[in-house]
Amino acid sequence: MGKKRIGILTGGGDCPGLNAVIRGVAKTAINQYGMEVVGILDGFRGMLEGRFTILDYEKVSGILTIGGTILGTDNKTDPFNVLEVVNGKKETVDKSDVCMEFYRDLGLDALICVGGDGTLTIAGKLAQKGANVIGVPKTIDNDLMETDQTFGFDSARHTATEAIDKLHTTAQSHHRVMLVEVMGRNAGWLALESGLAGGGDIILIPEIPYEIDEIIAAIRRRNRFGKRFSIIVVSEGARPKGGEQVYQRIVDDPAEPKRLGGVSNVIARQIEQATGIECRVAILGHLQRGGTPTPYDRLLATQYAVKAVELAVEKKYNHMVALKGRDMVAVPIERVMGKQRLVPRNSPLIEAAICVGTSFGVKMD
Ligand code: F6P
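Please read all numbers here as calculations on a predicted model, not as lab measurements.

Draft legend 1. Focus on the sheet that holds strand S1 (residues 5-10). Taking strand neighbours across the sheet as the criterion, the 7 strands line up as S3-S2-S1-S6-S7-S14-S15 in an open arrangement whose pairing is mixed. Each edge of the sheet is formed by a strand with only one pairing partner; in this case those strands are strand S3 (52-54) and strand S15 (327-332). Across the sheet, the mean angle from the axis of one strand to that of its neighbour is 25°, orientation sign disregarded. Both S1 and strand S6 (residues 110-115) contribute to a ladder of 5 bridges, which runs parallel. When the sheet's bridge partners are listed, Gly7 is paired in S6 with Leu111. Contacting S1, S6, strand S7 (133-137) and strand S14 (319-324), helix H5 (residues 117-128) runs over the sheet at an angle of about 160° to S6. On top of the sheet, helix H10 (residues 295-313) reaches S1, S6, S7, S14 and S15; it is set at about 140° to S14, its chief contact.

Structural data, given as structure tokens:
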């Protein structure tokens, strides 16, 4: 029998810790099990286009602390729904067979897919077509089901908290309302946790639609107590009660064409009009996805990588590695597919925030 051969790809938006996973997978597979490791370039797009590289020891050495992914990624290609122009009209075409052919041509025993819900949903569908897949949960949004934490989230939380800390002093000096918009899509984890860690006065998350009058009332309350500035941490997915989210662009992504962003500008205008207090907006954007992973994310990414290779050795395919408490476990990938883990209303973090006087832009019971 020849050497076992495993593949790895990174899909969806990048984040700190992807290289730590690639390194962890390749080193474990090569060192511990004498396997061969194939890196597929640019996620599922690379699979459709047949692009890959052999990951030898040299290629993955020295990348632990580097942000991004040496394999490249793509957050718009779904092989089951490829956008094509047919007779002048955009249509989606199922090209998943091309991926399956590539998987077989490469002679892979297993394919490790590192990504968020989009990537893992595609991975699960490839598993249904016969591929042996193993998922690794990645995203700064922390919105994947079945795991306590995705890697990348801690680094993004750190970046966002640092930004809030810095904006605090300038808000205070100028007696302004400062709005800090963070990513997270439809989940408020990043806003909630960086907002609480950074002492935000008001935190707006998608799970709790806000009322502008309540936001203004909270600012006025602070003024009455002699606080002439306020920090509002806004999740990009926040929306008013009965209203819509704000989108900054539409992209060619069949699964999720609308890219969120800009809600804090809308709120800032409303606050200025109602109170006359000067507002400034800082949209952190892709800064949150860059930089070196925090020590926590390096540890989490490395543990996920080692567990993923172990699953490949045990032939425990079509599972995602997950963190439960302090343990690395395996969960069936179909439990993750097409779902998002949102902040529950009874989250202890929300309770803690309320206790220290944080407003969520609504009257809370
Ligand atoms: O899912 C990660 C994420 O950074 C979201 O927080 C954000 O809404 C989205 O990706 C941005 O996507 P893009 O990189 O295409 O602008």
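Next comes the rest of the write-up.
Draft legend 2. Spotlight on the packing of helix H7 (residues 189-197) against helix H11 (residues 348-355). Packing of H7 against H11 leaves a shortest axis separation of 11 Å and a crossing angle of 35°. At the point where H7 passes H11, the crossing takes the left-handed sense. Taking contact as the criterion, the partners of Leu192, Glu193 and Leu196 in H7 are, on H11, Leu349, Ile350, Ala352 and Ala353. Looking at side-chain class alone, the contact of H7 with H11 contains 6 nonpolar, no polar and 1 charged residues.

Draft legend 3. How the structure looks around helix H9 (residues 263-275). In this model, H9 (13 residues) spans 19 Å end to end at C-alpha, consistent with the 18 Å of a helix rising 1.5 Å per residue. Downstream of H9 by a residue or two, Gly276 has a phi angle that is positive, lying close to 80°.

Draft legend 4. A look at the packing of helix H8 (residues 212-224) against H9. Close contact between H8 and H9 brings their axes to 10 Å; oriented N to C, the two are set at 60°. Taken together, the axes of H8 and H9 are oblique relative to one another. Crossing angle aside, the handedness with which H8 passes H9 is right-handed. Residues Ile212, Ile215, Ile216, Ile219 and Arg220 of H8 form the contact with H9, whose participating residues are Ile267, Gln270, Ile271, Ala274 and Thr275.

Draft legend 5. Here's a closer look at the pairing of S6. Burial analysis of S6 places 6 of its 6 residues in the buried class, the great majority of the element. When S6 meets S7, the two strands line up parallel, connected through 5 bridges. Bridge assignment links Cys113 to a residue of S7, and that residue is Gly135.

Draft legend 6. Fine view of the domain arrangement of the chain. Here the chain is partitioned into domain 1 (5-151 + 291-335) and domain 2 (156-290 + 344-355). Of note, the centres of domain 1 and domain 2, computed from C-alpha atoms alone, are 32 Å apart. Contact residues are listed per partner, giving 19 residues for domain 1 and 17 residues for domain 2. For the pair domain 1 and domain 2, the summed buried surface comes to about 1,600 Å²; carbon and sulfur atoms form 49% of the total. Three residues stand out in domain 1 for area buried against domain 2, namely Lys76, Ile140 and Asp141, and they jointly supply 36% of the buried area on that side. Inspection of the domain 1/domain 2 interface yields 5 salt bridges. One can count 8 residue pairs in polar contact (both at pLDDT 80 or more) joining domain 1 with domain 2.

Draft legend 7. Summary view of the packing of aromatic side chains. Tallied over the entire structure, the rule returns 2 aromatic pairs. Between Phe52 and Phe102, the aromatic rings sit 6.2 Å apart at their centres with planes inclined by 55°, giving tilted as the arrangement. In this pair, Phe52 sits in strand S3 while Phe102 sits in helix H4 (residues 96-105), placing the two residues 50 residues apart along the sequence. Note on Phe52: relative accessible area 38%, which makes it partly exposed. Positioned above the aromatic ring of Phe80 is the side chain of Lys125, whose terminal nitrogen or guanidinium carbon lies 4.6 Å from the ring centre.

Draft legend 8. Quick peek at the sheet that holds strand S9 (residues 202-204). On the basis of which strands lie adjacent, the open sheet formed by 4 strands has the order S9-S10-S8-S13 and parallel pairing. Among the strands making up the open sheet, the edge pair consists of S9 and strand S13 (279-283). Along the sheet, successive strands turn relative to each other by an average axial angle of 15°, direction set aside. Direction of pairing for S9 relative to strand S10 (residues 230-235): parallel, over a ladder of 3 bridges. Directly across from Leu204, in S10, lies its bridge partner Val234. On top of the sheet, helix H6 (residues 153-174) reaches strand S8 (177-182), S10 and S13; it is set at about 165° to S8, its chief contact.

Draft legend 9. The arrangement of helix H1 (residues 18-33) in detail. Between its first and last C-alpha, H1 extends 22 Å over 16 residues, near the 22 Å set by a 1.5 Å rise per residue. Every buried residue belonging to H1 is among Leu18, Asn19, Ala20, Val21, Ile22, Gly24, Val25, Ala26, Lys27, Thr28 and Ala29, and all of these are buried. Packing partners of the buried residues in H1 comprise S1, strand S2 (36-40), helix H3 (57-60), S6, S7 and H10. Count one or two residues on from H1 and you reach Gly34, which has phi positive near 60°.

Draft legend 10. Structural view of the site of the ligand. All residues adjacent to the ligand are Asn75, Ile140, Asp141, Met183, Gly184, Arg185, Glu236, Arg259, His286 and Arg289. Contact between the ligand and Arg259: an oxygen atom at 2.7 Å from a side-chain N or O atom of the residue. Relative to its free-state accessible area of 400 Å², the ligand is covered by the protein chains to the extent of 82%. Taken together, the residues of the shell around the ligand sort by class into 2 nonpolar, 3 polar and 5 charged. No fewer than three residues from each of domain 1 (5-151 + 291-335) and domain 2 (156-290 + 344-355) sit in the shell around the ligand.

About the thresholds
- Residues numbered from 1 in each chain as written.
- Predicted model: local features only at pLDDT ≥ 70, side-chain atom pairs only at ≥ 80, totals over all residues.
- Heavy atoms only, no water.
- Pairing = 2+ DSSP bridges.
- Helix = DSSP H or I, 4+ residues; strand = E, 2+ residues; numbered from the N terminus.
- Axes fitted to C-alpha atoms, helices over the stretch in contact; angles between N-to-C directions.
- Contact = heavy atoms within 4.5 Å.
- Left-handed = near helix turned anticlockwise from the far one by under 90°.
- Nonpolar A, V, L, I, M, F, W, Y, C, P; charged D, E, K, R; others polar.
- Expected span 1.5 Å × (residues − 1).
- Parallel < 35°, antiparallel > 145°, perpendicular 65-115°, else oblique.
- Buried < 20%, exposed > 50% of the residue type's maximum accessible area, 1.4 Å probe, protein only.
- Domains from an automatic or database assignment.
- Buried area = accessible area lost by both parts, 1.4 Å probe.
- Salt bridge = Lys/Arg side-chain N within 4 Å of Asp/Glu carboxyl O.
- Polar contact = N/O pair within 3.5 Å; in protein donor to acceptor, adjacent residues only side chain to side chain.
- Phe/Tyr/Trp six-rings, centres within 6.5 Å; stacked < 30°, edge-to-face > 60°.
- Lys NZ or Arg CZ within 6 Å of the ring centre and 35° of its normal.
- Near = heavy atom within 4 Å.
- Areas by Shrake-Rupley, 256 points an atom, 1.4 Å probe, with all protein chains shown as cover.

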